[in-house]
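Chain and residue survey
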Amino acid sequence: MSKRCVYFIILHTAFVSAYNWDQLNLPPSHLPFYFKNHPDVDKMCREDVECPFQEMTGQDKCWGYEPDCDKSQHYTNPNCSGDKRGWYVGKKEQEHKFWSTADFGMLLERKNELTMYCKPHSKEDSSLQCAKYLRYCKATNIYLDFSSKPITKGNERDRYREDILGPGLVGGHCELDKAGLRAQGEHKSPLQSWFAEMQHFSSLPFYPSKEENCDIVFNKPTYLMKLDAGVNMYHHFCDFVNLYASQHLNNSFTTDVNIIIWDTTSLPYGDFFSVTWKAFTDHRIIPLSDLDGKRVCIKDAVFPLLARMRYGLYYNMPLMPGCFGSGLVKAFSEHILHRLNVRQTGPSKEKIRVTLLSRNTQYRNILNQEELLKAMKSDEELEVSVAEYNRLMPFEEQLKHSHNSDIFIGIHGAGLTHLLFQPDWAVVIELYNCEDPGCYSDLARLRGLKYITWEKKDKLKQEDEGHHPTLGAHAKFTNYAFDISEFMRLVYKAADHVRNHPEFIQARKRKSEFKHENIVKQEL
Ligand SMILES: *[C@@H]1O[C@H](CO)[C@@H](O)[C@H](O)[C@H]1NC(C)=O
Ligand SMILES: *[C@@H]1O[C@H](CO)[C@@H](O)[C@H](O)[C@H]1NC(C)=O
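Quick notes on the rules
Residues numbered from 1 in each chain as written. Chains lettered and ligands numbered in written order. Predicted model: local features only at pLDDT ≥ 70, side-chain atom pairs only at ≥ 80, totals over all residues. Heavy atoms only, no water. Domains from an automatic or database assignment. Buried < 20%, exposed > 50% of the residue type's maximum accessible area, 1.4 Å probe, protein only. Helix = DSSP H or I, 4+ residues; strand = E, 2+ residues; numbered from the N terminus. Pairing = 2+ DSSP bridges. Axes fitted to C-alpha atoms, helices over the stretch in contact; angles between N-to-C directions. Near = heavy atom within 4 Å. Polar contact = N/O pair within 3.5 Å; in protein donor to acceptor, adjacent residues only side chain to side chain. Areas by Shrake-Rupley, 256 points an atom, 1.4 Å probe, with all protein chains shown as cover. Arc of directions from axis to C-beta. Contact = heavy atoms within 4.5 Å. Disulfide = S-S within 2.5 Å. Phe/Tyr/Trp six-rings, centres within 6.5 Å; stacked < 30°, edge-to-face > 60°. Lys NZ or Arg CZ within 6 Å of the ring centre and 35° of its normal. pLDDT = per-residue confidence, 0-100. UniProt positions renumbered as here; feature names shortened; annotations may be inferred. Salt bridge = Lys/Arg side-chain N within 4 Å of Asp/Glu carboxyl O. 1 Å grid on protein atoms, 1.4 Å probe; cavity = no way out; pocket = protein on both sides within 12 Å on 5 of 7 lines; lining within 4 Å. Points joined across faces, edges and corners; volume = space filled by probe spheres on them. Nonpolar A, V, L, I, M, F, W, Y, C, P; charged D, E, K, R; others polar. Core = buried A, V, L, I, M, F, W, Y, C linked by side-chain atoms within 4.5 Å.

Within an unreviewed UniProt entry, the label attached to the protein chain reads EGF domain-specific O-linked N-acetylglucosamine transferase, and the organism entered is Elysia chlorotica.

**Some details on the domain arrangement of the protein chain**
For the protein chain, the domain assignment lists domain 1 (2–102), domain 2 (113–303) and domain 3 (342–509). Computed over C-alpha atoms only, the centres of domain 1 and domain 3 are separated by 35 Å.

**Section: the pairing of strand E15 (residues 427–430)**
Side chains Val427 and Ile429 project from E15 onto one buried face, and the interleaved Val428 and Glu430 project onto a second face that is buried too. Direction of pairing for E15 relative to strand E16 (residues 450–453): parallel, over a ladder of four bridges. Residue pairing for E16: Ile429 is matched across the bridge by Ile452.

**Describing the sheet that holds strand E14 (residues 407–410)**
To summarise the sheet geometry, strands pair through backbone hydrogen bonds and adopt either a parallel or an antiparallel arrangement. In space, the five strands of this open sheet follow the order E13-E12-E14-E15-E16, with parallel pairing throughout. Each edge of the open sheet is held by one strand with a lone partner, namely strand E13 (382–387) and E16. The sheet shows a mean angle of 20° between the axes of neighbouring strands, taken without regard to direction. In this sheet, E15 lies alongside E14 in parallel orientation, the contact comprising four bridges. Looking at E15, one finds that Phe408 is bridged to Val428.

**Side note on the site of ligand 1**
Taken together, Asn79, Ser81 and Phe324 are the residues near ligand 1. Asn79 is positioned such that a nitrogen or oxygen atom in its side chain is 2.3 Å from an oxygen atom of ligand 1. Within the side chain of Ser81, a nitrogen or oxygen atom sits 3.4 Å from an oxygen atom of ligand 1. Alone, ligand 1 offers 360 Å² of accessible surface; in the complex the protein occludes 22% of this.

**Observations concerning helix H3 (residues 39–46)**
The set of residues buried in H3 consists of Val41, Asp42 and Cys45. In a view along the axis of H3, the buried residues occupy a sector of 105°, so they form one face of it. Away from the buried face of H3 by more than 90 degrees, exposed residues Pro39 and Asp40 are located. For H3, the elements touching its buried residues are helix H2 (31–37).

**With respect to the state of the cysteines**
Scanning the model with the defined rule gives six disulfides in all. A disulfide bridge connects Cys214 with Cys297, and the sulfur atoms are separated by 2.1 Å. Between Cys214 and Cys297 the sulfur-sulfur dihedral comes to about -95°; the bridge is accordingly left-handed. Of this pair, Cys214 sits in the loop between strand E6 (202–203) and strand E7 (216–218) while Cys297 sits in strand E11 (residues 295–303), placing them 83 residues apart in sequence. Residue classification places Cys214 among the buried residues on the basis of a relative accessible area of 9%. Assessed through its relative accessible area of 2%, Cys297 is described here as buried. The connectivity of the disulfides in the protein chain is 1-2, 3-4, 5-12, 6-9, 7-8, 10-11, where the numbers refer to bonded cysteines in sequence order. Left without a disulfide partner, Cys238 is nearest to the cysteine sulfur of Cys439, which lies 9.5 Å away. On the basis of relative accessible area, Cys439 is assigned to the buried category, the value being 17%.

**Remarks on the packing of aromatic side chains**
Enumeration according to the criterion identifies 33 aromatic pairs in this entry. Above the plane of the ring of Tyr207 lies Lys210, whose end atom (NZ or CZ) is 4.0 Å from the centre. Note that Lys226 overlies the ring of Trp194, its terminal NZ or CZ placed 4.5 Å from the centroid.

**With respect to the confidence of the model for the protein chain**
Model confidence for the protein chain is summarised by a mean pLDDT of 91, while 94% of its residues fall at 70 or above. Low pLDDT, under 50, characterises residues 1–15; the predicted model gives this stretch six contacts beyond four residues in sequence or across chains.

**What to know about the UniProt feature "domain: Glycosyltransferase 61 catalytic" (unreviewed entry) in the protein chain**
Taking the numbering used here, the UniProt-annotated feature "domain: Glycosyltransferase 61 catalytic" (unreviewed entry) corresponds to residues 329–429. Helix makes up 29% of residues 329–429 and strand 19%, and the two end C-alpha atoms of the span are 19 Å apart.

**Re the pattern of salt bridges**
Oppositely charged side chains may form a pair once their charged atoms are brought near each other. This model, assessed by the stated rule, comprises 28 salt bridges. The partner of Asp42 in a salt bridge is Arg46, and the shortest N-O contact between them spans 2.7 Å. You can see Asp42 and its partner Arg46 sitting in helix H3, four residues apart, about one turn around the helix. Judged by its relative accessible area of 6%, Asp42 is buried. With its nearest N and O atoms 2.4 Å apart, the salt bridge here joins Arg159 to Asp263. Note that Arg159 is positioned in the loop between strand E3 (137–145) and strand E4 (170–172) and Asp263 in the loop between strand E9 (258–261) and strand E10 (286–287), a separation of 104 residues in sequence. The exposure class of Arg159 is partly exposed, given its relative accessible area of 23%.

**Digging into the layout of surface pockets**
Looking at the largest pocket, its volume works out to about 1200 Å³. Going through the elements one at a time, helix H8 (233–250), helix H11 (395–403) and helix H12 (438–447) are the ones with two or more residues in the lining of the largest pocket. The greatest single-element share of the lining of the largest pocket, amounting to six residues, is contributed by H12. Residues belonging to the lining of the largest pocket are distributed by class as follows: 21 nonpolar, 14 polar and seven charged.

**Focus: the nonpolar core**
By size, the foremost hydrophobic cluster in this structure holds 119 residues, and its most contacted members are Leu128, Ile142, Phe146, Phe237 and Phe332. Ranked by residue count, the leading element in this core is H8, at 10 residues. Formed by 34 residues, the second largest nonpolar core is a distinct cluster that contains Leu373, Ile411, Tyr432 and Tyr480.

Given below as structure tokens:
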């Protein structure tokens, strides 16, 4: 080959990107971890002058679930400086417990559990691999036959009927460990495991990889999901955080995937937060009822971790006391905000941005809301706003507002789940926890935020004993008025925390430097 020709080839490869780098679409701080887990993509970026992420490549980083991942290279590590509150564990165990139940360590445990329950012997074969109790499964060339039993029967109200996939109706062409698979039923429950759906997994005499055996073929990677509750942010984000965690298990975050919602009714699914799906897929969410009467073959299927697993994230989770800051939950927050294009516009140079969440529902309203607002507004250092998060405000707008709240104040209720999207330096004030103290203080701990709640019960007025149509008297079903000066004491405590948070100080500094630079440029 002549020298000239070689030269031409180099130029050519140098200026045509083989890879569409935009499609990674990950928060910049996540890229070194992504590259570390994808050596082929890392190499491609280093060799491509058009790759905008050169600096992110070749770093020694790991989320925490990779083999040989040293603690010093972790994305973050939890802070366990707090009291163990009677849990009989040493300091090391305390840290380990938090890490392995509520952080990336939990994914390491699931990864270590992965067992091949149906073994392929050729490329055309199928496979089924699951974690313990079938809390997470991954399958290739899986066959799901909905042609003999209707998925949605008339007035059926059970979202997770078990009689749909009998023997021979779910399976693959592979060598089945039947006894091993059937022994995983201990967590059989719709939102705890995939056991009910997979228990009849059969070794089939035909190939689901051959199109003549299928009415519908899904060639794209496909997630099948059983959802908790689309109308409640606390519960629905349990679905999303587990989907995100499952993407880590496969280390794949592409949005060119299908999502099928496993629901055995034809009831409409109320979903106030549906825009969040955009962070996971570019395509329409597919209801199971679309597959009614069909023999379905999926080339690459993932059955993600579920929202109500025992000791799962984060519903009803016994969270190790004394620790805060799950890297997994922080990464989830950053991932969602990045993909929904929600940006941090602060911090403000002089002010602390405070949001008071107004519920306007039947119960748990703040009776003297106007007085609380007036008290806060009289302080010039506080930039106060009221948020009414309802269907009139698009969910992205809500997230934008929450992400730009240094202090977020609300009474017990699912709206407090917005704390997941506050900045790292923020404080959440659960004005009153209505005798449910663990729920949002644990969520704040997971997210690594400072949590404050009402401390002096004699400085709060409960309208009445509570009146729920079926549950009767309970602190959650009434309204409250709060003592103003005690309220302001908590607000000032929160403002102090924000002001002294190292990340807040740094962010303020960065912002004023950036402004200064721009002013200098303009003057020139
Ligand atoms: C952990 O948190 C405590 C309390 O907020 C703080 O004083 C300490 O500096 C933190 N430790 C580390 C290693 O960040
Ligand atoms: C899981 O990872 C593999 C390997 O990177 C990829 O080919 C596949 O599409 C991924 N599956 C999903 C559902 O994202």
